[in-house]
Amino acid sequence: MSEKVNIPDDLSDFMKKNPTADFNDYLDELMVQAFIKDVEEKSKDAEPFGLFKTKAMSVVKTDPRYWDCECDENYIHDKSIEPKCAVCGSEHDECSDSRPNEIKLFFKDYKEDSDE
Ligand SMILES: [Zn+2]
C-alpha cells in the first residue's frame, strides 16, 4: 500500500466493537476514503464494514448537483444538463453524487456551495 494517509491500527477493532458509534469526529475525510479503499481491496463483503462504509460515506462530502456515472473517464455530470450518461446509459438517480474535489477536475469554473 502506498497511501499517504495513516489509518489508525485500531480502527477496524474500534468499528467491530462500536458498529453504530458516531465516529465522524474521530475521522477526517481523507482517512475515511483511504480506509474504504483499503477495506474494499482486502475484504469486499466483511461485516461490519458494510455499515461502516455507509456511515463513512456520509462523512465524505458530495455535491447533489453533480453525479458519477459508470464510465471510467468523464464520469462526472451536471444533473441539470445531463441526467443520463449517453456513453454508459446510467441515470443520475441510480448513481451516487460527485465529490467536489473530483468535480473541480472536470468543471474548471466549479465552485463548492459555501453554506457551512
Ligand atoms: Zn457514463
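Everything quoted here is computed from the prediction, not taken from an experiment.

Calculation rules
- Residues numbered from 1 in each chain as written.
- Predicted model: local features only at pLDDT ≥ 70, side-chain atom pairs only at ≥ 80, totals over all residues.
- Helix = DSSP H or I, 4+ residues; strand = E, 2+ residues; numbered from the N terminus.
- Pairing = 2+ DSSP bridges.
- Core = buried A, V, L, I, M, F, W, Y, C linked by C-beta atoms within 7 Å.
- Buried ≥ 20, exposed ≤ 12 C-beta atoms within 10 Å, placed from the backbone.
- Contact = placed C-beta atoms within 7 Å.
- pLDDT = per-residue confidence, 0-100.

Student: Give a detailed account of the overall build of the chain, specifying residues and quantitative values.
Tutor: Along the chain, the regular secondary structure elements total four helices and three strands. The secondary structure elements of the chain, listed N-terminal to C-terminal, are α-α-α-β-β-β-α.

Student: Residue-level account of the sheet that holds strand β1 (residues 63–68), with values.
Tutor: With antiparallel pairing, three strands are arranged side by side in an open sheet as β2-β1-β3. The two strands at the open ends of the sheet, each matched to only one other strand, are β2 (76–78) and β3 (97–98). Bridging between β1 and β2 involves three bridges; their strand directions are antiparallel. By the bridge assignment for β2, W67 is matched with H77.

Student: Account for the nonpolar core, naming residues and giving values.
Tutor: Residues Y66, W67, C69, I76 and I103 constitute the largest nonpolar core, which totals five residues. Leave out the neighbours within four places in its chain, and W67 touches H77, K79, H92, C95, S96, D97 and S98.

Student: Outline the pairing of β1, supporting the account with residue identities and numerical values.
Tutor: With two bridges joining them, β1 and β3 adopt antiparallel strand pairing. Residue pairing in the sheet places W67 in a bridge with D97 of β3.

Student: Kindly report on the confidence of the model for the chain, identifying the contributing residues and their values.
Tutor: The share of residues in the chain with pLDDT of 70 or more is 49%, and the mean pLDDT across the chain is 74. When mean pLDDT is compared element by element in the chain, β2 scores highest at 96, while helix α3 (residues 49–59) scores lowest at 59. Every residue in residues 1–5 scores below 50 in pLDDT, and together they form five contacts with partners more than four places removed in sequence or on other chains.

Student: Summarise unusual backbone geometry; cite the residues concerned and give the values.
Tutor: Apart from glycine, the bulk of residues carry a negative phi angle, and the bulk of peptide bonds sit in the trans form. Of note, the phi angle at N74 is positive, near 50°, even though the residue is not glycine. Its place among the elements puts N74 in the loop between β1 and β2.

Student: Can you break down the environment of S98 residue by residue, with the values?
Tutor: Tracing the backbone shows S98 in strand β3. For the pair formed by S98 and R65, sequence separation is 33 residues and the distance between their alpha carbons is 8.1 Å. Beyond its immediate sequence surroundings of up to four residues, S98 is in contact with T62, D63, Y66, W67, D68, I76 and I103.

Student: Describe the environment of K79, listing the residues and the values that go with them.
Tutor: Secondary-structure assignment places K79 in the loop between β2 and β3. In this structure, K79 is in contact with R65, Y66, W67 and H92, ignoring residues within four places of it in sequence.

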